[in-house]
Amino acid sequence: MAIAYILIILMILCAVSVVFFKDLLNAVIALAAVSLIASVLFFLLQAPDVAMAEAAIGAALTTAIFIVAVKKTKRYENEKIS
Amino acid sequence: MRKLVSIILLGALAFGLVQAVKKIPFGVQKTKVGKYYVERGIEDTGSSNIVTSVVLNYRGFDTLGEVTILFAGAIALGAVLFTGKKRIEREVYPASPILSTACKFLFPLILLFGAYIFIHGHLTPGGGFQGGAIAASALLLIFLGCPGRKTDGRKTRLMESLGGIIFVLAGLLGLAYGGFFLFNFLPKGTVNNLFSAGIIPVLYIVIGFKVASEIAGILDNLFGETE
């Protein structure tokens, strides 16, 4: 299960980097990566139902909704809303 | 100072959580109900996917609550975003023909895959929520790849309302036939056949349509702009 440890470390790195990105688009992509790795981990833990839900909702639809939200508000953290 | 206080508070919280979780042995059977589902699930419900038999048969009422929460969320988002004024018809830049053709080619395939997942929810992993989300991601592809296309809001709302009504009606019919809500009143058939497990496939198809139309409505609300 060495792959699981590698994936968990990657997932924690992605999750921490979400907080530190100033560009919110990068943060959204990192969040999508967290969801994708979580779905692979669910699959490795033999929960294909949950893995499917996580991949479809967490990685695809939530990312799209967040990207639209970023596009409609502001992209960088210290930017003023015009 | 504030940072220090928050670090100390977080540390205390983490310590408490670790102490609480340490006492629970990992992977040990503690309740009998889980074992019962694994051993008797197939006989009881006729569905070869045990997760589905739990979600729609043993815990069917909770699923109704889950669907209701999703419905309330979609309505709340619509109330926030759609203020009742007319939509701005903005000039849309057409996508390149390669992109839009590829999207139009992939759209029915992804939709079919989603439908396959929620129709086979009682046989293979997946079900209404997963299949509905996949079908909605096909619509997302169209929203992104072919700008200017919209879903008909009235039709998606009609579809999701019909889905909810059929779910509740199936539950009430079970109440009339068997004495409790969501009683499995249809014949169970042979395990591993498509037409088996009584009302479970019906409910999952209904949930699939409902979730897909709800998420399509959410995406349509987000992509469109009002004054």
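Summarised in this report is the structure supplied together with it. The model shown is predicted, which means the values in this text are computed figures rather than measured ones.

Cut-offs applied
Residues numbered from 1 in each chain as written. Chains lettered and ligands numbered in written order. Predicted model: local features only at pLDDT ≥ 70, side-chain atom pairs only at ≥ 80, totals over all residues. Heavy atoms only, no water. Helix = DSSP H or I, 4+ residues; strand = E, 2+ residues; numbered from the N terminus. Buried < 20%, exposed > 50% of the residue type's maximum accessible area, 1.4 Å probe, protein only. Lys, Arg positive; Asp, Glu negative; His and termini not counted. Charge placed at Lys NZ, Arg CZ, Asp CG, Glu CD. Contact = heavy atoms within 4.5 Å. Areas by Shrake-Rupley, 256 points an atom, 1.4 Å probe, with all protein chains shown as cover. Phe/Tyr/Trp six-rings, centres within 6.5 Å; stacked < 30°, edge-to-face > 60°. Salt bridge = Lys/Arg side-chain N within 4 Å of Asp/Glu carboxyl O. Disulfide = S-S within 2.5 Å.

As a further point, take the overall build of chain A. A count of helical and extended segments in chain A gives three helices and zero strands. Counting helices and strands in the order they occur from the N terminus, chain A gives α-α-α. Projecting the C-alpha coordinates of chain A onto the three principal axes gives extents of approximately 50 × 25 × 10 Å. Per-residue burial over chain A gives 29% buried out of 82 residues. In chain A, the 6 positive side-chain charges and the 5 negative ones have mean positions that sit 13 Å from each other.

The helix and strand inventory of chain B stands at eight helices and zero strands. When its helices and strands are written in sequence order, chain B yields α-α-α-α-α-α-α-α. Structurally, chain B occupies a C-alpha span of about 65 × 60 × 35 Å along its principal axes. Per-residue burial for chain B yields a buried fraction of 34% across its 227 residues. Summarising the internal contacts of chain B: among those between residues at least 6 apart in sequence, 70% fall at separations of at least 24. As displayed, chain B offers around 14,000 Å² of accessible surface, 71% of which is attributable to carbon and sulfur atoms. Side chains of chain B give 21 positive and 13 negative charges; the mean places of these two sets differ by 7 Å.

Residues and elements named next belong to chain A. Positive phi, close to 65 degrees, is recorded for Q46, a residue that is not glycine. Position of Q46 among the secondary structure elements: in the loop between helix 2 (24-44) and helix 3 (48-72). Relative accessible area serves as the criterion here: at 71%, Q46 is assigned to the exposed category.

Moving on, we get to the packing of aromatic side chains. Given two aromatic rings, their pairing is described by the distance between the two centres and the angle made by the two planes. All names here are of chain B. This structure, assessed with the given rule, holds five aromatic pairs over all chains. Measuring from ring centre to ring centre gives 6.4 Å for Y36 and Y58, while their planes differ by 70 degrees; the resulting arrangement is edge-to-face. Of this pair, Y36 sits in helix 2 (residues 32-45) while Y58 sits in helix 3 (residues 50-58); the two residues are 22 residues apart in sequence, bridging distant segments of the chain. Looking at Y58, the relative accessible area reads 22%, which means it is partly exposed. Cluster of aromatic residues (ring-pair linked, three or more members): Y36, Y37 and Y58.

Turning to the pattern of salt bridges, a few remarks are in order. This model, assessed by the stated rule, comprises three salt bridges over all chains. A salt bridge links D23 of chain A to R75 of chain A, with the shortest nitrogen-to-oxygen separation between them at 3.0 Å. With D23 of chain A in the loop between helix 1 (2-20) and helix 2 and R75 of chain A in the segment after helix 3, this pair connects stretches of sequence that are 52 residues apart. Here D23 of chain A falls in the buried class, since its relative accessible area comes to 10%. We note a salt bridge from K210 of chain B to E214 of chain B, for which the minimum N-O separation is 3.3 Å. In this pair, K210 of chain B and E214 of chain B are both assigned in helix 8 (residues 200-223), four residues apart and thus about one turn of the helix distant. Relative accessible area serves as the criterion here: at 1%, E214 of chain B is assigned to the buried category.

All names here are of chain B. Under the defined criterion, the tally for this structure stands at zero disulfides over all chains. The structure places no disulfide on C103, whose sulfur is separated from the nearest cysteine sulfur, that of C146, by 5.1 Å. Assessed through its relative accessible area of 5%, C103 is described here as buried.

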